Amino acid sequence: MQATVRASRNRSILPRAVPLRVARFWLICLFFFAWSLAITGRLFWLQIVRHQEFVERAEKQQQRTFEVAPRRGVLYDRNLHELAMTVQADSIYAVPTEIDDKKAAARALAQAVHTDPEDGQTSEDQIANRLAKNNGFAWIARRVTPEASAMVKALNLKGIYFQKEFERSYPDNQIAAQVLGYVGVDDTGLGGLEQKFEPQLHGVSGRMFTAMDARRRVLGSTEREPEPGQSLVLTIDENIQFLAERALDHAMQRTKADNGTVVIQDVHTGQILALAIRPTFNPNQFRRTTPALLRNHAVSDVYEPGSTFKLVTYSAALDQHVTNPDDMIDCQGGKITLAGRVIHDDKSDHFGVVTVHYALEHSSDVAAVKLALKVGPDNFYKYMRDFGFGIKPGVELPGETRGLLRPVNKWGSSSIGSIAIGQEVGVTPLQLVSMVSTIANGGVYLPPHVLMPAQAQPNGQKSAAPSTPSPFRPGEELPNPLPAGAHRVISTMAAAQMRKMMEGVVLYGTGKEAQLNGYSSGGKTGTAQEIDPATHRYSKTMHIASFAGIAPVNNPVISVAVIIDNPKGASYYGTAVSAPVFAEVTQQVLEYLGVPHDIEVSAPHTSSKAEAPPQEDDHDDASNIDALYAAVNDLPSDDPLRNPPPAAEETSTPAKAPSEAPATTPAALSQTAQAAPSQQPTRAVVMNADKQLKVPSLVGLPVRKVIEEAAASGLEVQIIGSGTVREQAPAAGAMVNPGTRIVVRCSR
């Protein structure tokens with residue numbers, strides 16, 4: 001009975017156990033389904049949604065990409081001599097995690113690489129800070145000298161490594177520094193052509209892709225080669241540039257001027273053969289470079305040209321046939337009244353009725369004003385524009401300004417008289433030399449250039465640079481067809497008359513100090529007062545002395561403009577300050593080029609008593625200054641004069657032109673140029689033709705032998721480079737005057 005009851009009880013329990021097991025089963029299934037769903041979702045999220053992200057992370061862990069710097073293009077002179085080139089140098093870096101004693105390592109490294117006290121990046125403290133802050137990589141010093149690299153290698157420090165980097169090198173140091181500019185640590189051009197043509201010169205960086213395993217071992221690599229930068233060939237002749245800079249150094253030493261500029265141009269092509277600026281800098285030591293030293297005064301600075309601008313006035317009058325060189329003109333005792341304003345000649349000049357050529361030779365302001373009135377304001381303005389004033393010349397250099405030239409409708413009642421004598425107008429040295437070249441070549445304006453034709457343009461376009469040297473050879477014909485921007489300004493007859501009148505200035509007038517030995521020359525002196533930025537009025541003590549000229553007169557080869565800012569000494573006039581610089585550099589350049597003498601070579605002239613140099617009046621007229629300040633506001637917004645670059649160093653030195661008053665002349669420019677040669681410049685002359693010397697052959701000789709040969713021959717020698725002589729000028733066998741300096745270029 002009990003068994004029956006127990007069985008029935010078990011039967012009553014069984015039906016209730018089955019649903020529990022089923023529930024448990026479905027719970028387990030649900031769990032696994034949810035787990036599978038989560039895994040699937042997670043896999044979908046990782047492998048589908050975030051697939052690209054993890055691929056990129058894997059590549060970063062397994063691959064390394066290195067940028068391979070391109071070799072920067074070379075800057076050549078017209079003879080394919082390197083002015084700026086790229087070499088390889090050692091850069092030193094560290095892996096700080098591999099260095100145990102970072103302070104001791106920093107101390108040892110600083111002793112080897114901290115060679116420049118002004119370089120704060122290589123001091124012991126800076127190196128120690130970089131080692132402490134960086135776990136994987138830290139620069140120690142970049143592009144060090146071979147000596148510093150050898151010292152660090154000798155230390156044999158753990159965690160210190162070397163990497164080859166490209167370094168910009170300027171073999172001739174400061175030669176044409178403002179034209180070339182310089183390159184910073186990141187291989188970016190800063191100033192000059194290096195900045196203007198940065199995209200073309202820099203090239204395209206390459207890439208190296210390296211695969212690595214978990215232990216950082218290299219498994220293989222692929223690379224994309226860098227594209228080297230384009231090389232550019234300048235119109236500059238390295239030797240002519242050297243001669244111009246040396247003559248300017250002599251002038252800076254003699255006059256203690258704030259700064260100076262010499263521009264030499266080929267009159268038949270517009271190509272710039274030399275552009276010298278002082279003070280200057282060494283682009284190899286760019287850390288010592290200031291914005292003031294980078295400034296290219298030839299294209300960025302404007303000044304009142306003074307009497308040199310009378311060449312425009314006389315050219316316009318001759319071309320308009322309102323006068324002739326032998327016509328008579330009444331200078332009225334040296335005074336003329338124009339719209340209530342009195343314009344007068346120099347206080348020592350009281351000319352009456354004289355010939356037109358005599359008036360130019362002695363720089364009569366009254367005569368220039370009368371001729372401008374005959375030409376008329378509209379015609380006069382047109383000639384000024386045609387000569388290139390008030391327009392950007394288009395030279396391939398940064399910071400170029402238009403200068404200051406107001407349209408006729410903004411002239412005052414006496415403006416035509418002021419402009420006729422070089423006031424109320426602001427010009428650049430480059431515009432001045434281009435104007436003189438226009439007269440020299442027969443009356444055709446040719447835009448100036450510092451790059452040989454058909455090369456890179458600032459908009460990024462490229463073309464092949466000349467592969468063969470293009471030495472300057474004096475020409476007699478203008479290019480046919482004329483280049484873009486060239487146009488006739490005055491007739492051939494008017495240009496010929498102007499050249500003879502300019503020769504008269506040098507022979508009989510204010511430019512006697514510009515006479516050459518064996519070559520005819522012509523030009524015009526100029527003297528202008530600077531403007532005190534504190535008063536916005538002419539300074540009584542600061543002047544700009546200038547001379548613009550050509551040589552030889554009958555068949556001109558070169559034109560030269562010399563501008564000396566604020567000379568200090570016995571005289572500040574262009575005839576005493578700038579004309580001798582023209583004579584020195586022009587004499588040497590013509591001899592270097594082998595230009596035949598067109599007049600008799602004479603013995604040096606010594607006067608028994610000192611003669612007072614001719615003087616030119618430098619006017620003090622506030623209305624002229626106000627007009628120039630107004631002209632600055634009329635400039636387009638892109639002109640550098642309207643928005644001068646900020647520079648902390650630019651403080652209180654008086655400006656050179658009214659336009660520069662908002663940004664006065666940098667104080668740094670008051671310092672003289674780098675140490676100039678102590679000897680005074682000498683002009684090579686002979687007692688008679690029989691005493692001329694034959695230039696020996698120096699090609700192939702070492703430097704020591706060159707010096708000995710030159711001394712034995714009675715000649716001076718200027719050595720460029722080191723090693724064995726590859727070229728010389730003048731050529732072997734040429735007959736030159738005793739004391740002539742022979743320029744030789746050496747290389748290893």
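What comes next concerns the included structure.

Calculation rules
Residues numbered from 1 in each chain as written. Predicted model: local features only at pLDDT ≥ 70, side-chain atom pairs only at ≥ 80, totals over all residues. Heavy atoms only, no water. Helix = DSSP H or I, 4+ residues; strand = E, 2+ residues; numbered from the N terminus. Buried < 20%, exposed > 50% of the residue type's maximum accessible area, 1.4 Å probe, protein only. Contact = heavy atoms within 4.5 Å. Axes fitted to C-alpha atoms, helices over the stretch in contact; angles between N-to-C directions. Parallel < 35°, antiparallel > 145°, perpendicular 65-115°, else oblique. Left-handed = near helix turned anticlockwise from the far one by under 90°. Nonpolar A, V, L, I, M, F, W, Y, C, P; charged D, E, K, R; others polar. Polar contact = N/O pair within 3.5 Å; in protein donor to acceptor, adjacent residues only side chain to side chain. Pairing = 2+ DSSP bridges. Salt bridge = Lys/Arg side-chain N within 4 Å of Asp/Glu carboxyl O. Patch = residues over 30% accessible without salt bridge, like charges linked within 9 Å, V, L, I, M, F, W, Y side chains within 5 Å. Areas by Shrake-Rupley, 256 points an atom, 1.4 Å probe, with all protein chains shown as cover.

## Describing the overall build of the protein chain
So, point 1. Looking only at helices and strands, one finds 22 helices and 26 strands in the protein chain.
So, point 2. Across the 748 residues in the protein chain, those meeting the buried criterion constitute 52%.
So, point 3. Sequence separation of 24 or more characterises 75% of the internal contacts of the protein chain that already satisfy a separation of 6 or more.

## Here's the deal with the environment of Leu109
So, point 1. With respect to the secondary-structure elements, Leu109 resides in helix α3 (residues 102-113).
So, point 2. According to the relative accessible area criterion, Leu109 is buried, its value standing at 0%.
So, point 3. The spatial distance from the C-alpha of Leu109 to the C-alpha of Ser123 is 9.0 Å, given a sequence separation of 14 residues.
So, point 4. Discounting residues that sit within four places of it in the chain, Leu109 has contacts with His114, Ile127, Ile140, Val152, Leu155, Leu157 and Ile160.

## Some points on the packing of α3 against helix α4 (residues 124-133)
So, point 1. Following both chains from N to C, one finds α3 and α4 inclined at 135 degrees, their axes separated by 8 Å at the closest point. In terms of orientation, α3 and α4 fall into the oblique class. Helix-helix and strand crossings are classified by hand; for α3 and α4 the assignment is right-handed. Seen from α3, the contacting residues are Lys102, Ala106, Arg107, Leu109, Ala110 and Val113; seen from α4, they are Glu124, Ile127, Ala128, Leu131 and Ala132.
So, point 2. Looking at the contact of α3 with α4, its residues break down into eight nonpolar, no polar and three charged.

## Observations regarding the environment of Glu424
So, point 1. Inspection of the secondary structure assignment puts Glu424 in the loop between α16 (415-420) and α17 (429-440).
So, point 2. Sequence separation of Glu424 and Trp411 is 13 residues, and the distance between their C-alpha atoms is 9.2 Å.
So, point 3. A polar atom in the side chain of Glu424 sits 2.8 Å from the side chain of Ser415.
So, point 4. Of note is the side chain of Glu424, whose polar atom sits 3.3 Å from the side chain of Ser418.

## Things to note about the pairing of strand β20 (residues 537-551)
Strand residues, when the strand is regular, have side chains that alternate between the two faces of the sheet.
So, point 1. Within β20, 12 of the 15 residues are buried, which leaves it mostly tucked inside the rest of the structure.
So, point 2. In the sheet, β20 pairs with strand β21 (residues 558-565) via eight bridges, with the strands oriented antiparallel. Following the sheet pairing, Ser546 is matched in β21 by Ile563.
So, point 3. In this antiparallel pair of consecutive strands, β20 and β21, the connection spans six residues.

## Describing the pattern of salt bridges
So, point 1. Enumeration according to the criterion identifies 16 salt bridges in this entry.
So, point 2. Where Arg72 meets Glu198, a salt bridge forms, and the shortest distance between an N and an O atom there is 2.8 Å. Pair noted here: Arg72 is in the loop between β1 (63-68) and β2 (75-76) and Glu198 is in helix α8 (residues 198-202), with a separation of 126 residues, a long-range link. The pair Arg72 / Glu198 is uniform in exposure class, with both members buried.
So, point 3. For Asp249, the salt bridge identified is with Arg278, shortest N-O distance 2.6 Å. Here Asp249, found in helix α9 (residues 238-255), pairs with Arg278, found in strand β12 (residues 272-278); they are 29 residues apart in sequence, far enough to count as distant. Arg278 matches Asp249 in its accessibility class, with the two residues each being buried.
So, point 4. One network of salt bridges, with partners in common, ties together Arg72, Arg168, Glu194 and Glu198.

## Some points on unusual backbone geometry
So, point 1. Cis geometry is adopted by the peptide bond preceding Pro481, which originates at Asn480 and carries an omega value of 5 degrees.
So, point 2. Looking at the secondary structure, you find Pro481 in the loop between β17 (444-445) and β18 (487-488).
So, point 3. Here Ala551 and Pro552 are connected by a cis peptide whose omega angle stands at -25 degrees.
So, point 4. For Glu424, which is not a glycine, the phi torsion comes out positive at approximately 60 degrees.

## With respect to a nonpolar patch on the surface
So, point 1. On the surface, Ile28, Phe31, Phe32, Trp35, Ile39 and Leu43 cluster together into a nonpolar patch covering about 620 Å² of accessible area.
So, point 2. The topology assignment puts Leu43 in helix α1 (residues 2-49).
So, point 3. Residue Leu43 is classed as partly exposed on the basis of its relative accessible area of 41%.

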